[in-house]
Every structure is written in structure tokens, then in C-alpha cells.
Amino acid sequence: MTRPAPDFLWGASTAPHQIEGNNVNSDWWVREQHRPGMELSGDAVDSYHRYPEDMRLLADAGLNAYRFGIEWARVEPIEGHFSRAELAHYRRMIDTALGLGLTPVVTLHHFTHPRWFAEDDGWLHERAIDRFRAYIEATTAILDDVPWICTVNEPNMLAIMTTMSRAARTGDTKKWLSPTVEGVARPVLPNPDPEIGRLLVEAHHAAREILKQHTDARVGWTVACQALTATPGNEAKLRELRYVREDLYLEAARDDDFVGVQSYSSQAVDENGILPHPVSPDSTLTGAAYRPDALGIAVRHAWKTTDNTPVLITENGIATADDSRRIAYTSEALRHLFETIDEGVDVRGYLHWSALDNFEWGHWEPTFGLVAVDRETFERHPKPSLRWLGDVARRGRP
Ligand code: IFM
């Protein structure tokens, strides 16, 4: 087995809205209150205040990287008014990570928007890209020494969410599906409008240009890689669907420093489209099929479609209440990942989703964390999987 480079990142990932708590100026805060069936993020797991403890747990376990995000709704709660205090908060997070020997991998946009942005047409506003550019410019003040920056998380899922929100607004449909969870019978999300996808590509390229000018970071974005496969005879349908749902975004990463691969499961495509995940006792708590092999499929496809852009696994994990299953899933996923390294794919690191059990976009039940959190006391309880992943990191391979 090829040994990865000594600076291979071994870590875990989070997103601000899912862990910080009280993200009151964001569109998701509003959405949670108005959509029946959604739980509230509330205090989340109070990582806004407890991030030093969270980072220390990862570092003590043996991990060397932490992916976390900066929350646009906090940094710019009113258009054009940038909060120095919030920027200083995120700078303290970067310094804390560096001080603990954790390489910070910083995401600048992870599904949420300031309310003012969302309520004024969001990505469909004619000045949306300029607005995003202004936010990115503001963040460059605190990004010194950050070696990895992700501009937009899962733009392909964001495009689906934006497509669904627009349809709900224009009355085309009232149905808004959770981006990640629909219980046991998980319906297939609609295709994103490619025009919205192209807008997000433009936003990513604009952000990349600013970040390359003002920082020394490697810059990329992180794509939800769905490991789609064709049933016999349906290769053309697979290519068509994969383009609008994934390849548009992977192709946009061709000139990036890296592409973030995020993989959880795999789905087949037949002549009518993507087949829903089968309802099975093996399904994960988000309703996805148990498919640790998806990571290998996803990495090979991303490597080819981006014309060999270096790969960073920015998310991979499983929603389960059984931590031994998390270890089994991750161990197999890593075996598939290392096969791709043996084949010559340039993989720079593996960041597990997620560091903490967290708010899964309207739901608390699907637990992805290496660390459990008591939501009354906010006490952290590391799971065996954290120690296990730390041991893998120390060894440098699965
Ligand atoms: O929790 C999400 C994350 O925000 C984006 N990628 C998928 C994760 C698990 O569903």
C-alpha cells in the first residue's frame, strides 16, 4: 500500500450553523421556524463558545486537521456592515487550531445566508455575486496562515435548495425537501436548475480570484459526490443526470488547487432517473444506503472529471446511533480511498464528517459525530470512533 505524504491531513469537519447555536441572522434560522416538521437549531451544541474544547479533543486524539466554517450571517448581519468582533472570533478559532497543531481548513459558505441576502432574492438577485464578493473580501482580513480554503460547500446541493425555494416562491410547488434527511423512505431530490449552478460557478471563481490575490491558501470548493452508477444500458441517462447534478461543479474545479470530495452513499440510475435508496434495515439514519464503497467511486470520478485536480476528502461519514458501525463504515471507506491512492490519485487528506453530533438541517436524530454532546449541559463525550480515527492518523494509514 502506498504511504500518503507526511503532511496528509487526518481530521474532522463541521459547519457553523450545525454546531454554533443561535445563528439568528441566517435564513436557516427563519426556515426552521416556518417549516412544519423541522426541529430548531437553537443553541445547537454551543460550539460558538466551546470550540477550544472541541478542537482540543480532536488534537488529543491524534488528528492533525480541523475543517470549520465562517458564518456569513454573523460577519455581515446587515448588508455592507461587517462585524469586526465576529471576524476576530473566527481569527481566534484559526489561532486556536494552529496552536493545537490542527491545520485549519476553512469553509466560507456552508448552505446558510444572511437573512437580508436570502430575503432579497438570494442568488437570483442581479447583485448576488457582488454581494458574495464583498463578504469574501472582508474575510481575507483574517485568513493569514490558513492553508486550505473552501469557498462554497456542496454548491450542487445549494443549487437544488435554491431551485426548490424558487419553485415554492413562484407557487410551482409547496414542497421543500430536506437536503439531507427524509427519514427511511428517502425521495430523490429534484435536479438543480443548471442556470443556478452556473451562477454558483461564477461566485466560486470570483471568490477564488480574491482569495488567490490576498492569501497564500490553496483554494477549492467541496462537491457532493453522489457515486451514481448506471443500470445496464442506461449509461447515457447516467451521463445526463450526472452532468446537471455533479459534473458541472467538478468541471468548474479544474483550475482550483484542490477539489473537496464529499461522499456518503451511492445510487443507481435507470432509464427514468435516479433510483431512490432502497428501504432496508441497513440504511443509515438519513435514509441513505450503507455504501462505504461510494468513496472510491466518488474519488475516481472526481479525479477524472476535474482533469486530475488534487483531491481532499472534506466529508465522509455515516449517520448512525451505533458507533461500532461508524468504525466499520469508515474503515472500509478508507480501504477504498487508499486503493485510489495506490492507483495514482493525488489525495491530500481525509476529513471525517463530523467532529460532533450536530444539527442535521432540521433534524437532530441523525448522528454523524465522533463526539456526542449532551444538549442540556453541552458536555462532550468522545466516542470510541474518535480514538480509533486518531490511531489511524498516528499510523498514517488504515
Ligand atoms: O450535514 C451535512 C453537511 O452539512 C453537508 N454534507 C452532508 C452532511 C451530512 O448529511
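Residues numbered from 1 in each chain as written. Predicted model: local features only at pLDDT ≥ 70, side-chain atom pairs only at ≥ 80, totals over all residues. Heavy atoms only, no water.

J.: Give a detailed account of the overall build of the protein chain, specifying residues and quantitative values.
T.: Secondary structure summary: the protein chain contains 13 helices and 13 strands in total. Its C-alpha atoms give the protein chain a radius of gyration of 19 Å, within 12% of the compact-globule value 21 Å for 398 residues. Dimensions of the protein chain, computed from the C-alpha atoms along their principal axes, are close to 50 × 50 × 45 Å. Looking at the protein chain as a whole, 61% of its 398 residues are labelled buried. (Helix = DSSP H or I, 4+ residues; strand = E, 2+ residues; numbered from the N terminus. Rg over C-alpha atoms; globule rule 2.2 N^0.38 Å. Buried < 20%, exposed > 50% of the residue type's maximum accessible area, 1.4 Å probe, protein only.)

J.: Any chance you could break down the site of the ligand for me, citing the residues and the numbers?
T.: Taken together, Gln 18, His 110, Asn 153, Glu 154, Thr 180, Tyr 264, Glu 315, Trp 353, Glu 360, Trp 361 and Phe 368 make up all the residues around the ligand. In the model, an oxygen atom of the ligand is placed 2.7 Å from a nitrogen or oxygen of the Gln 18 side chain. Interatomic distance of 2.5 Å between a side-chain N/O atom of Glu 315 and a nitrogen atom of the ligand. In isolation the ligand exposes 280 Å². Once the protein is present, 96% of that is buried. Here the shell around the ligand is composed, by residue class, of four nonpolar, four polar and three charged. (Near = heavy atom within 4 Å. Polar contact = N/O pair within 3.5 Å; in protein donor to acceptor, adjacent residues only side chain to side chain. Areas by Shrake-Rupley, 256 points an atom, 1.4 Å probe, with all protein chains shown as cover. Nonpolar A, V, L, I, M, F, W, Y, C, P; charged D, E, K, R; others polar.)

J.: Summarise unusual backbone geometry; cite the residues concerned and give the values.
T.: Cis geometry marks the peptide bond from Trp 353 to Ser 354; its omega dihedral reads 15°. Secondary-structure assignment places Ser 354 in the loop between β11 (347–353) and β12 (371–373). Even without a glycine there, the phi angle at Asp 46 is positive, about 55°. The topology assignment puts Asp 46 in the loop between α2 (27–34) and α3 (47–61). Even without being glycine, Asp 145 reaches a positive phi, approximately 65°. Among the secondary structure elements, Asp 145 is positioned in the loop between α7 (128–139) and β4 (148–153). The exposure class of Asp 145 is exposed, given its relative accessible area of 58%.

J.: A description of the sheet that holds strand β10 (residues 311–316) should follow, citing residues and the corresponding values.
T.: Ordered by their spatial adjacency, eight strands build a closed barrel running β1-β2-β3-β4-β5-β7-β10-β11, and the pairing between neighbours is parallel. Looking at each pair of strands side by side, their axes are set apart by 25° on average, direction ignored. With five bridges joining them, strand β7 (residues 258–263) and β10 adopt parallel strand pairing. The partner of Gln 262 across the bridge, within β10, is Glu 315. Lying on the sheet, helix α10 (residues 235–251) is in contact with β5 (218–224) and β7; it crosses β5 at an angle near 170°. (Pairing = 2+ DSSP bridges. Axes fitted to C-alpha atoms, helices over the stretch in contact; angles between N-to-C directions. Contact = heavy atoms within 4.5 Å.)

J.: Explain the pairing of β5 to me, and be specific about the residues and the numbers.
T.: In terms of burial, β5 is a largely internal element, six of the seven residues being buried. Where β5 meets β7, five bridges bridge the pair, whose relative direction is parallel. For Trp 221, the partnering residue across the bridge sits in β7 and is Val 259.

J.: Which residues make up the side chain of Ser 385, and what values do they have?
T.: Relative to the helices and strands, Ser 385 is located in helix α13 (residues 384–395). Take Ser 385: its relative accessible area is 2%, and that puts it in the buried class. Engagement of the side chain of Ser 385 in a polar contact is seen with the side chain of Asp 323, the distance being 2.7 Å. With residues up to four places along the chain from it excluded, the contact list for Ser 385 reads Asp 323, Arg 326, Ile 327, Gly 369 and Leu 370.

J.: A description of the side chain of His 352 should follow, citing residues and the corresponding values.
T.: With respect to the secondary-structure elements, His 352 resides in strand β11. Judged by its relative accessible area of 0%, His 352 falls in the buried class. Of note is the side chain of His 352, whose polar atom sits 3.1 Å from the backbone oxygen of Asn 316. Polar side-chain contacts of His 352 include one of 3.0 Å to the side chain of Tyr 350. What His 352 contacts, discounting residues up to four positions off in sequence, is Gly 11, Ala 12, Ser 13, Asn 316, Gly 317, Arg 326, Thr 330, Phe 368, Leu 370 and Leu 389.

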